[in-house]
Amino acid sequence: MNPFLLTTVCNQPPSRSIPGKKRYSQDCHTMDILFTSSFPVLCQDSRNYNLTTLCPENQKVNSTPPALVNPPAFGMSYFTMTLGALSNLTALGILVHSYACFRRRAKVPFLLLASALLLSDLAGHLITGALALHLHLERVKHHGAAVAVEPPQVYCKLFGACMVFFGLCPLLLGSAMAVERCIGITQPLLHPAVVTMTRVRLTVLLIAFTALTLAGLPLLNVGNYKPQFPGTWCFLPVNGPLSITDASLALAFSILGLVTLSVSVVSNIISGLKLLQARYKDRCVKSNAARRHGFVSSSSLHSLDVEMMTQLAVITVVSCVCWSPFLIYILISIDRFYKGIKRPVRQCEKLFLLALRLASWNQILDPWVYILLRRAVLRRVLQLLQPDRVVFTQSSYYRDSHRKQITSH
């Protein structure tokens, strides 16, 4: 999910003839600094619009529409969009090159899942950004940026469905990658029989179908998508009065996301502990062999295992940091709804917007994991940390090392 990041502008200057207007303008300006919206939202005359304004109902303004004082930060928004797109394309190129190098190895299922993850990030980054940009251009064209223009219902449903679909897909794919690596490291002999390319492709299709089903239910009038504060993006309603269907869909989205994050964390912990155990045993075997033969052998790291586990660990950390506030906020809001606890709606909407902005950075940070944490980069870093001890081998899995030990004895 990546709403087009632009700056919210409060444009109406304070007027001495209207009591309390100066204070309102200052509050609106403070809010805009802290909570930037996806598109410009200006406070100006709304008497000619059949829309809901962001300004107080009792506020009167001049009939002459004011000029823009602070233009929206288009440059930063376009930079973010371009950076995200180029990062995902670069990472996809790296994965394609890796697939050509390891076509017949057990790393291929991992590469396929990683490619699907980056494709979903790229598509979500561009599609949701394009939808948000279109909504912004419509506001500028109608000079109605002062009012919270609600998008058409069909448009809002499409926007919300894209947000849900491209939000769930990366989480589910990241969990599948963690499970695949856990099987490959803990059960290396069983891995080729269990994790086949056919099953991996079916897994990708099942993930896409699951996310599409949850995202498409409101399109079939099961639940609904509504504009979210400040009226520049659409999602499942989580604040204010909710229907049971809307609350259930939002709860399903939150629980499914949190479950996938938990599965990723647990799988990566198990895989990491298994790698540490394998390296400890490897050191003991080499140490005993060195005593018997009278030489000292440098310790070895299974480079591909280390590369994939490092990438997975960083992806899991990034996903947890970016997505946990958004998912936990939805869970808490639905829980308070069922308990009948009321909170200030505007304060909740601001927190929800901040959580969304944090979640949107996941699509930008994911590709940099594959760009920076490649085997060549890891080799350089480990050689700098342990120049006399670290030697990368060409073995791809833990089982390869054990097969060499068995044949040598």
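Our subject is the structure that appears above.
Within each chain, residues carry numbers counting from 1 in the order of the written sequence. Only residues with pLDDT of at least 70 get local features here, since the model is predicted, and only at 80 or more are side-chain atom pairs given and counted; chain-wide, interface and lining totals rely on the full set of residues. Only hydrogens and water are set aside; all other atoms, that is, all heavy atoms of the structure, feed into the side-chain values.

(A) The overall build of the protein, seen in detail. On a plain count of helices and strands, the protein comes out with 12 helices and 6 strands. When accessible area is computed with a 1.4 Å probe and restricted to protein chains, residues below 20% of their type maximum are described as buried, those above 50% as exposed, and intermediate ones as partly exposed. Taken across its 409 residues, the protein has 49% of its residues classed as buried. Taking the intrachain contacts of the protein between residues at least 6 apart in sequence as the baseline, contacts between residues at least 24 apart amount to 82%. Every helix listed is a DSSP run of H or I at least four residues long, and every strand listed is a run of E at least two residues long, numbered separately from the N terminus. We call two residues contacting when some pair of their heavy atoms lies within 4.5 Å.

(B) Local environment of unusual backbone geometry. Not every positive phi belongs to a glycine, and asparagine 221 is a case in point at roughly 65°. Summarising the element assignment, asparagine 221 is placed in the loop between α6 (197-216) and β3 (226-228). By relative accessible area, which is 62% here, asparagine 221 ends up exposed.

(C) A look at the pattern of salt bridges. Salt bridges are defined as contacts in which a side-chain nitrogen from Lys or Arg sits within 4 Å of a carboxyl oxygen from Asp or Glu. According to the stated counting rule, one finds 2 salt bridges in the structure shown. Between arginine 181 and glutamate 180 there is a salt bridge, with the nearest N and O atoms lying 3.0 Å from each other. Taken individually, arginine 181 and glutamate 180 each receive the classification buried, so the pair is uniform in this respect. The closest approach of N and O atoms between aspartate 335 and lysine 339, which form a salt bridge, is 3.3 Å. Of the two residues, aspartate 335 and lysine 339 both sit in helix α8 (residues 303-339), 4 residues apart, roughly one turn of that helix. Look at aspartate 335 and you get partly exposed, because its relative accessible area is 35%. For lysine 339, a relative accessible area of 56% corresponds to the exposed category.

(D) Focus on α6. Expected helix span is computed as 1.5 Å times (number of residues minus one). The terminal C-alpha atoms of α6, which comprises 20 residues, lie 28 Å apart, in line with the 28 Å expected from a rise of 1.5 Å per residue. Looking only at α6, the buried set comprises Val200, Ile207, Ala211, Leu214, Ala215 and Gly216.

(E) Inspection of the side chain of aspartate 366 at higher detail. Structurally, the position occupied by aspartate 366 is in helix α10 (residues 362-372). Residue aspartate 366 is classed as buried on the basis of its relative accessible area, which comes to 1%. In this view, aspartate 366 contacts Leu117, Leu118, Asp121, Ile315 and Val318; residues no more than four positions away in its chain are not counted.

(F) Broad picture of the state of the cysteines. Cysteine sulfur atoms are paired as a disulfide whenever they come within 2.5 Å of each other. In total, this model carries 1 disulfide according to the counting rule given. Not engaged in a disulfide, the cysteine cysteine 320 finds its nearest cysteine sulfur in cysteine 322; these two sulfurs lie 9.6 Å apart.

(G) Empty space enclosed by the protein, seen in detail. Points on a 1 Å grid, built from protein atoms alone, make a cavity when a 1.4 Å probe fits but cannot get out and make a pocket when they are open with protein on both sides within 12 Å along at least 5 of 7 lines; residues with an atom within 4 Å of a point are the lining residues. Grid points are joined across faces, edges and corners, and a volume is the space filled by probe spheres set on the points. Summed over the entire model, instances satisfying the criterion amount to 2 cavities of 30 Å³ or more. There is about 70 Å³ of room inside the largest cavity. As for the largest cavity, its lining consists of Pro170, Leu171, Gly174, Ser175, Leu261, Ser264, Leu312, Ile315, Thr316 and Ser319. When residues of the lining of the largest cavity are traced back to their parent elements, those giving at least two are α4 (153-186), α7 (244-293) and α8. Its residues placed into classes, the lining of the largest cavity shows 5 nonpolar, 5 polar and no charged. In this classification, the charged set is Asp, Glu, Lys and Arg, the nonpolar set is Ala, Val, Leu, Ile, Met, Phe, Trp, Tyr, Cys and Pro, and all remaining amino acids, among them Gly, are polar.

(H) Highlighting the packing of α4 against α6. Axes here mean lines fitted to C-alpha atoms, for a helix over just the part in contact, with angles spanning 0 to 180 degrees between N-to-C directions. Close contact between α4 and α6 brings their axes to 8 Å; oriented N to C, the two are set at 150°. It follows that α4 is roughly antiparallel to α6 by the angle criterion. The chirality of how α4 crosses α6 is right-handed. Residues Ala161, Val164, Phe165, Leu168, Cys169, Leu172, Leu173 and Ala176 of α4 form the contact with α6, whose own contacting residues are Thr203, Val204, Ile207, Ala208, Ala211, Leu212, Leu214 and Ala215. Residue composition of the contact of α4 with α6, grouped by class: 15 nonpolar, 1 polar and no charged. By definition in this entry, angles of less than 35 degrees are roughly parallel, angles greater than 145 are roughly antiparallel, angles of 65 to 115 are roughly perpendicular, and the rest are oblique. Two helices that cross are described as forming a left-handed crossing if the nearer one is turned anticlockwise from the farther one by less than a right angle, and a right-handed crossing if clockwise.

These figures come from the coordinates and say nothing about function on their own.
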